[in-house]
Amino acid sequence: YPCPPGSSCSLEGLFEAEECPPGTYRSDPEIGGFGSCIPCPQGTWSKNWQLREKGECTRCPTGVVCPLDGMTAPCSFDDLPQPFEPVVNFKGMPAFEYEFPIETMPQPFTLDECLALNSKSKHTDKQEFYYG
């Protein structure tokens, strides 16, 4: 018998089909017969098991990124890396490097000053300032 939709039979003669895991689907039992599950395409995701067709993959909502095949959760803005903006030490406060002409640019922070800035951060689990 062919493997039923929503499952894979990786080995011919396997008596029990394996459910397609989240982020994958398998629709047509005729295609591949004993094939494996197919990842949901880019721009979609799924947290559900045993999807039976590509249309059951959930489209990523506006403002959310699903850049890979087989995603089990969409990426939000918080998941994206923060852009690097060089800062200098302007009277003990971080200031963007691009706000100063080259001739009057203050010195960068030392390693110890940079570490101290991170310890005062509102988000203790995220490093905001980098040395180097």
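*Asks:* Explanation requested: the overall build of the protein in the structure shown.
*Replies:* The helix and strand tally for the protein stands at 1 helix and 8 strands. For the protein, the sequential pattern of α-helices and β-strands runs β-β-β-β-β-β-β-β-α. By residue count, 25% of the 132 residues in the protein fall in the buried class. Pairs at least 24 apart in sequence give 35% of the contacts found in the protein among residues at least 6 apart. Of the roughly 9800 Å² of accessible surface on the protein, a fraction of 57% belongs to carbon and sulfur atoms.

*Asks:* Could you clarify how one ought to interpret the environment of cysteine 20 in this entry?
*Replies:* Its place among the elements puts cysteine 20 in the loop between strand E2 (18–19) and strand E3 (24–25). Overall, cysteine 20 belongs to the buried group, its relative accessible area being 0%. Those residues within four positions of cysteine 20 in sequence are excluded, and the remaining contacts are Gly6, Ser7, Ser8, Tyr25, Arg26, Cys37, Trp49 and Gln50.

*Asks:* Honestly, unusual backbone geometry in this entry has me stumped. Any pointers?
*Replies:* Positive phi values are uncommon outside glycine, yet glutamine 50 reaches one of about 60°. If you trace the backbone, glutamine 50 turns up in the loop between strand E5 (44–45) and strand E6 (58–59). Phi angles above zero are rare outside glycine, and lysine 91 is one such case at about 55°.

*Asks:* How do you make sense of the state of the cysteines when you look at a structure like this?
*Replies:* By definition, a disulfide is the covalent link that joins the sulfur atoms of two cysteine residues. Inspection of every chain in the model, using the stated rule, returns 3 disulfides. Disulfide pairing places cysteine 20 opposite cysteine 37 at an S-S distance of 2.0 Å. The sign of the S-S torsion, about -90°, decides the handedness of the disulfide formed by cysteine 20 and cysteine 37: left-handed. Taken together, the residues cysteine 20 in the loop between E2 and E3 and cysteine 37 in the loop between E3 and strand E4 (38–39) connect sequence positions 17 residues apart. Comparing cysteine 20 with cysteine 37 shows no difference in burial state: the two are buried.

*Asks:* I tried to follow the side chain of serine 46 on my own but got confused; where do I start?
*Replies:* Take serine 46: it is sitting in the loop between E5 and E6. Looking at serine 46, the relative accessible area reads 1%, which means it is buried. A polar contact is formed between the side chain of serine 46 and the backbone nitrogen of asparagine 48, at a distance of 3.1 Å. Apart from the residues lying within four places of it in its own chain, the contact partners of serine 46 are Pro22, Gly23, Cys40, Leu51, Met71 and Thr72.

*Asks:* Explain the environment of phenylalanine 96 to me, please; I cannot follow it from the model alone.
*Replies:* Among the secondary structure elements, phenylalanine 96 is positioned in strand E8 (residues 93–96). Assessed through its relative accessible area of 29%, phenylalanine 96 is described here as partly exposed. As for phenylalanine 96 and proline 86, which are separated by 10 residues in sequence, their C-alpha atoms are 6.0 Å apart. Ignoring any residue separated from it by four or fewer positions in sequence, one finds phenylalanine 96 in contact with Glu85, Pro86 and Val87.

What counts as what
Per-chain numbering applies: the sequence of each chain, read as written, is numbered from 1 onward. Local features in this predicted model are restricted to residues whose pLDDT is 70 or higher, and side-chain atom pairs enter the listing and the counts only when it is 80 or higher, whereas totals over whole chains, interfaces and linings include all residues. Derived side-chain values reflect all non-hydrogen atoms in the structure, with water molecules and hydrogen atoms excluded from consideration. Only DSSP runs of H or I covering at least 4 residues are called helices, and only runs of E covering at least 2 are called strands; the numbering of each starts at the N terminus. Remark: exposure states derive from per-residue accessible area (1.4 Å probe, protein chains only) relative to the maximum for the residue type, with buried under 20%, exposed over 50%, and partly exposed in between. In what follows, residue pairs with any heavy atoms lying within 4.5 Å of each other are defined as contacts. Computed by Shrake-Rupley with a 1.4 Å probe, the accessible areas treat only the displayed protein chains as cover when residues are assessed. Any two cysteine sulfur atoms within 2.5 Å of one another count as a disulfide. Any pair of nitrogen or oxygen atoms within 3.5 Å is treated as a polar contact; in protein, a donor-acceptor pairing is required on top of that, and neighbouring residues in sequence qualify only through side-chain atoms on both sides.

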